[in-house]
Amino acid sequence: MELLGVLAVVLVVSVDRTALGISHPKPSCRYPPSQWCRSLEIAIECKVQKQCMELNAIKPNETVPPVSITLYYETLCPDCRIFISEQLFPTWLMLKDIMSVTLVPYGNAQEVQSPTSSFICQHGEPECKGNMIQACILHLTTNSLAFQIIYCMESSADVLSAAQPCLHLYAPSVSWSSVNSCVSGDLGFRLMHGNAVMTRALNPPHTHVPWVTFNGEYTEENEEKAMSSLFHLVCELYQGVKPPACTGASVKLSRSV
């Protein structure tokens, strides 16, 4: 309510200044200023959508589903690391209100029956350990925190060495010992088996990593767009009213506000 009051005062003052000969657009709608940011529909009718969204007084229409992105990847895959650090994470930071991200660390790994290991990974045993660490982090923390930790790891020079400091940085309430227990116990293997099942269920089957699906579907066209500009693709796929970031509108408050 405090934000609504500030916006109402600002816009009413703008209308009063028009009477003094200072040019400002006067919203014409059937709602009083105090209600202009009550909903997206009212904001659009009163022509103050941009101002309301800048003040975080309204959010994208919650009845419109976000763009659902699922990334199938490997922790030590160079192309996966580039995609996470240069496309997926920056796009999520700017468009998290209209997109959701699911991470599936497994990729081209294989389940095997062996006395020493249950998985064989494309980049060797260190990658198997990295996959399991990230699977455990995804299980032990919230999706948002886990994504930040995984970005921190994947954008570091040494993915595995960065795991513990990245966890302490973004989720200090989660102990490293709990992650270690997950990795070395049955829970870690169950989580990896679940990722293996999800990866094998892909239709069409994945042929490389990173493999990205949008709203549960894979197309070569979307993959090409995602690798060059995931940001623009998410804006294109979202079916609701585009947020200011998509339309090029500034998301910073003006000096007058």
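Residues numbered from 1 in each chain as written. Predicted model: local features only at pLDDT ≥ 70, side-chain atom pairs only at ≥ 80, totals over all residues. Heavy atoms only, no water.

- The protein is annotated in an unreviewed UniProt entry as Gamma-interferon-inducible lysosomal thiol reductase of Oryzias sinensis.
- Of the protein, the UniProt comment under Sequence similarities (unreviewed entry) reads exactly: "Belongs to the GILT family."
- Here is the UniProt Function (unreviewed entry) comment for the protein, exactly as written: "Lysosomal thiol reductase that can reduce protein disulfide bonds. Facilitates the complete unfolding of proteins destined for lysosomal degradation. Plays an important role in antigen processing." (UniProt positions renumbered as here; feature names shortened; annotations may be inferred.)

## Quick notes on the sheet that holds strand S5 (residues 211-214)
Step number 1: Spatial ordering of the open sheet is given by S2-S1-S5, a layout of three strands whose pairing is mixed. At either end of the open sheet lies a strand with only one pairing partner, and these are strand S2 (99-105) and S5. Averaged over all pairs of adjacent strands, the angle between strand axes in this sheet comes to 15°, irrespective of strand direction.
Step number 2: Contacting strand S1 (67-73) and S2, helix H9 (residues 186-200) crosses the sheet at an angle of about 110° to S2.
Step number 3: The sheet contacts of helix H10 (residues 220-237) involve S1, S2 and S5, and relative to S5 the element is tilted by about 25°. (Pairing = 2+ DSSP bridges. Helix = DSSP H or I, 4+ residues; strand = E, 2+ residues; numbered from the N terminus. Axes fitted to C-alpha atoms, helices over the stretch in contact; angles between N-to-C directions. Contact = heavy atoms within 4.5 Å.)

## Thoughts on the packing of aromatic side chains
Step number 1: Throughout the structure, instances matching the rule amount to seven aromatic pairs.
Step number 2: The interplanar angle of 85° and the centroid separation of 6.2 Å between the aromatic rings of Tyr 106 and Phe 119 together place this pair among those described as edge-to-face. You can see Tyr 106 sitting in the loop between S2 and strand S3 (110-111) and its partner Phe 119 sitting in strand S4 (residues 119-120), a full 13 residues away along the chain.
Step number 3: Its relative accessible area of 2% is what places Tyr 106 among the buried residues.
Step number 4: Considering the side-chain rings of Trp 211 and Tyr 218, the 3.7 Å spacing of their centres and the 15° angle between planes classify their relative orientation as stacked. (Phe/Tyr/Trp six-rings, centres within 6.5 Å; stacked < 30°, edge-to-face > 60°. Buried < 20%, exposed > 50% of the residue type's maximum accessible area, 1.4 Å probe, protein only.)

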